[in-house]
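Here is what each chain is made of, one letter per residue.
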Amino acid sequence: MFVQAPESIQFSSELDDFIEEWKNRPGNLIMVLHRVQEEFGYIPRAAAIEVAHRLGVNLAKIYGVITFYHFFKLTKPGRNKIQVCMGTACYLKKGEDLINELENILGVGLNTVTDDGEFSMEAVRCVGCCGLAPVLMVGKDVFGKVTKAQLPEIVAKYRKA
Ligand code: FES
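Note that the structure is predicted; figures quoted are calculated from it, not measured. (Residues numbered from 1 in each chain as written. Predicted model: local features only at pLDDT ≥ 70, side-chain atom pairs only at ≥ 80, totals over all residues.)

### Focus: the overall build of the protein chain
In step 1: When helices and strands are tallied, the protein chain shows 7 helices and 5 strands.
In step 2: The order of helices and strands in the protein chain, counted from the N terminus, is α-α-α-α-β-α-α-β-β-β-β-α.
In step 3: Referenced to the eigenvectors of the C-alpha coordinate spread, the extents of the protein chain come out at roughly 55 × 35 × 25 Å.
In step 4: Relative to its full complement of 161 residues, the protein chain shows a buried share of 19%. (Helix = DSSP H or I, 4+ residues; strand = E, 2+ residues; numbered from the N terminus. Buried ≥ 20, exposed ≤ 12 C-beta atoms within 10 Å, placed from the backbone.)

This is the structure we're talking about:
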């Protein structure tokens, strides 16, 4: 059974064009979901329903894909997304200590958003710069050889004044 399109979500014209271009190609669902997540930072339910409608696939199939691939998020991340690398090199360089300290500073744990919506934090696999371990990213900015002592300053840099 296919679902009705919701009226409450607006896609950018770029996303509209992308879906139109990929609509009939094999493997389109994952490509489209990637673009949706790029646009919203996660997959809002209304967007999943809209994608189901436009691609003519069952909503259950979409949620099957979203929940199978850890890359896809079902909840909105903070305005600043902090990713702490927990790949082998970073783990060995005590990346976990960074997570614990960030939990103290932010007052939230992994995969949670601060009350003001400013920050969310997640542990990720190798981000590809192991020589800089331990590594964390805030949005697209990369911080290497991070110490616990540097964390308050890094967080303050991104907190809205
Ligand atoms: S393990 Fe952290 S960057 Fe590779």
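### Comments concerning the environment of Val108
In step 1: On the secondary structure map, Val108 appears in the loop between α6 (95-106) and β2 (112-113).
In step 2: Spatially, the C-alpha atom of Val108 lies 21 Å from that of Phe72, the residues being 36 residues apart in sequence.
In step 3: Excluding residues that lie within four positions of it along the chain, Val108 makes contacts with Glu103, Val113, Thr114 and Met121. (Contact = placed C-beta atoms within 7 Å.)

### What about unusual backbone geometry?
In step 1: With omega at -5 degrees, the peptide bond leading from Ala133 into Pro134 counts as cis.
In step 2: Structurally, Pro134 can be placed in the loop between β3 (119-124) and β4 (136-138).
In step 3: Of note in the backbone geometry, Lys94 takes a positive phi value of approximately 65 degrees without being a glycine.
In step 4: Its place among the elements puts Lys94 in the loop between α5 (88-92) and α6.
In step 5: Although it is not a glycine, Lys145 sits at a positive phi angle of roughly 50 degrees.
In step 6: Of note, Lys145 is situated in the loop between β5 (141-143) and α7 (151-158).

### Observations concerning the nonpolar core
In step 1: Among the nonpolar cores identified, the biggest contains 15 residues, and Val84, Leu102 and Leu136 are the most heavily contacted of them.
In step 2: Those elements that provide at least two residues to this core are β1 (80-85), α6 and β3.
In step 3: Leaving out residues up to four positions away in the same chain, Leu102 has contacts with Ile82, Val84, Met121 and Leu151.
In step 4: One finds Leu33, Ala47, Ala48 and Val51 within the second-largest nonpolar core, a separate group that totals 10 residues. (Core = buried A, V, L, I, M, F, W, Y, C linked by C-beta atoms within 7 Å.)

### A word on the pairing of β1
In step 1: The pairing of β1 with β3 spans 6 bridges and is parallel. Opposite Ile82, over in β3, you have Met121 as the bridge partner.
In step 2: When β1 meets β4, the two strands line up antiparallel, connected through 3 bridges. Of the residues in β4, the one forming a bridge with Val84 is Leu136. (Pairing = 2+ DSSP bridges.)

### Comments concerning the confidence of the model for the protein chain
In step 1: For the protein chain, per-residue confidence averages 92 on the pLDDT scale, and 95% of positions sit at 70 or higher.
In step 2: Contacts from residues 1-6, a stretch scored under 50 in pLDDT, to residues over four places away or in other chains number 15 contacts. (pLDDT = per-residue confidence, 0-100.)

### Some thoughts on the sheet that holds β2
In step 1: What the 5 strands build is an open sheet, ordered β2-β3-β1-β4-β5; its pairing is mixed. Both outer strands of the open sheet, β2 and β5, are each paired with one neighbouring strand and no more.
In step 2: Together, β1, β3 and β4 form the strand contacts of α6, whose direction differs from that of β1 by roughly 150 degrees. (Axes fitted to C-alpha atoms, helices over the stretch in contact; angles between N-to-C directions.)

### A short note on the domain arrangement of the protein chain
Often, the extent of an interface is quoted as the loss of accessible area upon association of its parts.
In step 1: By domain assignment, the protein chain separates into domain 1 (13-68) and domain 2 (80-158).
In step 2: Between the C-alpha centres of domain 1 and domain 2 there is a distance of 29 Å. (Domains from an automatic or database assignment.)

### As for the packing of helix α2 (residues 28-40) against helix α4 (residues 59-68)
In step 1: In the contact formed by α2 and α4, the axes pass within 11 Å of each other and the chain directions differ by 70 degrees. Comparing the axis directions of α2 and α4 gives the class roughly perpendicular. Along this stretch, α2 crosses α4, giving a crossing that reads as right-handed. For the pair α2 and α4, contact is made by Leu29, Ile30 and Leu33 and by Ile62, Val65 and Ile66, respectively.
In step 2: Residues that form the contact of α2 with α4 fall into these classes: 6 nonpolar, no polar and no charged. (Parallel < 35°, antiparallel > 145°, perpendicular 65-115°, else oblique. Left-handed = near helix turned anticlockwise from the far one by under 90°. Nonpolar A, V, L, I, M, F, W, Y, C, P; charged D, E, K, R; others polar.)

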